[in-house]
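# Observations on chain architecture
Take a look at the letters that make up each chain.
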Amino acid sequence: MKKREIAHWTKNEYLKGMLLFAQALEEETFNYSYESYRVPALNSHYLCYDVMHTANDINKKVLMDGNFVPLSEEFEQVLREDIFVQQAISDDGTLLFLQDKTSRYYNLEESELKTKIKHYPEIANFVKIFVRETIYI
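Residues numbered from 1 in each chain as written. Predicted model: local features only at pLDDT ≥ 70, side-chain atom pairs only at ≥ 80, totals over all residues. Heavy atoms only, no water.

## Describing the packing of helix α2 (residues 44–59) against helix α3 (residues 68–81)
With their axes 10 Å apart at the nearest point, α2 and α3 run at an angle of 150 degrees to one another. For the element pair α2 / α3, the angle class is roughly antiparallel. In terms of crossing hand, the pair formed by α2 and α3 is left-handed. Contacts between α2 and α3 involve Ser44, Leu47, Cys48, Asp50, Val51, Thr54, Ala55 and Ile58 on the former and, on the latter, Phe68, Leu71, Glu74, Phe75 and Val78. Each residue belonging to the contact of α2 with α3 can be placed in one class, and the counts come to 9 nonpolar, 2 polar and 2 charged. (Axes fitted to C-alpha atoms, helices over the stretch in contact; angles between N-to-C directions. Helix = DSSP H or I, 4+ residues; strand = E, 2+ residues; numbered from the N terminus. Parallel < 35°, antiparallel > 145°, perpendicular 65-115°, else oblique. Left-handed = near helix turned anticlockwise from the far one by under 90°. Contact = heavy atoms within 4.5 Å. Nonpolar A, V, L, I, M, F, W, Y, C, P; charged D, E, K, R; others polar.)

Okay, here's the thing in structure tokens:
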């Protein structure tokens, strides 16, 4: 959280709780996702860009792998809950499934972080292109 100047606040016994509330509200609404501060990730389209750029930066060794953990959790949740994605792309929930060498399918949500970093950008690119072509944004 950024340190804010509070000298302009009137020091009043009645406003002490108001200052705490304002600081807590600001902290709760602060967006901690990488690059999300540039463009708010309010829908699946912008989150796809975030997934692709973050995975690219991890592959370039600009970021550590751990930066992908909260982003992958948010991405998984958005793909499960986004009404457009469910209706237009993956109503049976198979968007996050991958076929292995033995032709069995497995859920990427349960896979290791390195596997997610490898495959989530591909899924994000597919969703991004599909959304753009259907004029969702």
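## Side note on the nonpolar core
Formed by 22 residues in total, the largest nonpolar core has its most connected members in Val51, Phe68, Phe75, Leu79, Tyr120, Ile123 and Val127. Every element with two or more residues in this core is listed here: α2, α3, α4 (83–89) and α5 (113–133). (Core = buried A, V, L, I, M, F, W, Y, C linked by side-chain atoms within 4.5 Å. Buried < 20%, exposed > 50% of the residue type's maximum accessible area, 1.4 Å probe, protein only.)

## Here we look at the packing of aromatic side chains
All told, the structure shown has 2 aromatic pairs when counted by the stated rule. Taken together, a centroid distance of 6.3 Å and an interplanar angle of 50 degrees make the contact between Phe68 and Tyr120 tilted. Within this pair, whereas Phe68 is found in helix α3, its partner Tyr120 is found in helix α5, the two being separated by 52 residues in sequence. Under the relative-accessibility criterion, Phe68 is labelled buried at 0%. By relative accessible area, Tyr120 is classed as buried at 0%. (Phe/Tyr/Trp six-rings, centres within 6.5 Å; stacked < 30°, edge-to-face > 60°.)

## Thoughts on α2
Between the first and last C-alpha of α2 there are 22 Å, a value that for 16 residues agrees with the 22 Å anticipated at 1.5 Å per step. When α2 is considered as a whole, its buried residues turn out to be Ser44, His45, Leu47, Cys48, Asp50, Val51, Met52, Thr54, Ala55, Asp57 and Ile58. Turning to α2, the residues buried within the fold contact α3, α4 and α5. Looking one or two residues past α2, Lys61 carries a phi angle of roughly 65 degrees, positive in sign. (Expected span 1.5 Å × (residues − 1).)

## Some thoughts on α3
In a regular helix each residue adds 1.5 Å, so 14 residues correspond to 20 Å; α3 covers 20 Å between its end C-alpha atoms and thus fits that length. Where α3 is concerned, the buried positions are Phe68, Leu71, Ser72, Phe75, Glu76 and Leu79. Around the axis of α3, the buried residues are gathered within 135 degrees of arc, so they sit on the same side. The secondary structure elements touched by the buried residues of α3 are α2, α4 and α5. (Arc of directions from axis to C-beta.)

Don't take any of this as a statement about function, it's just geometry.
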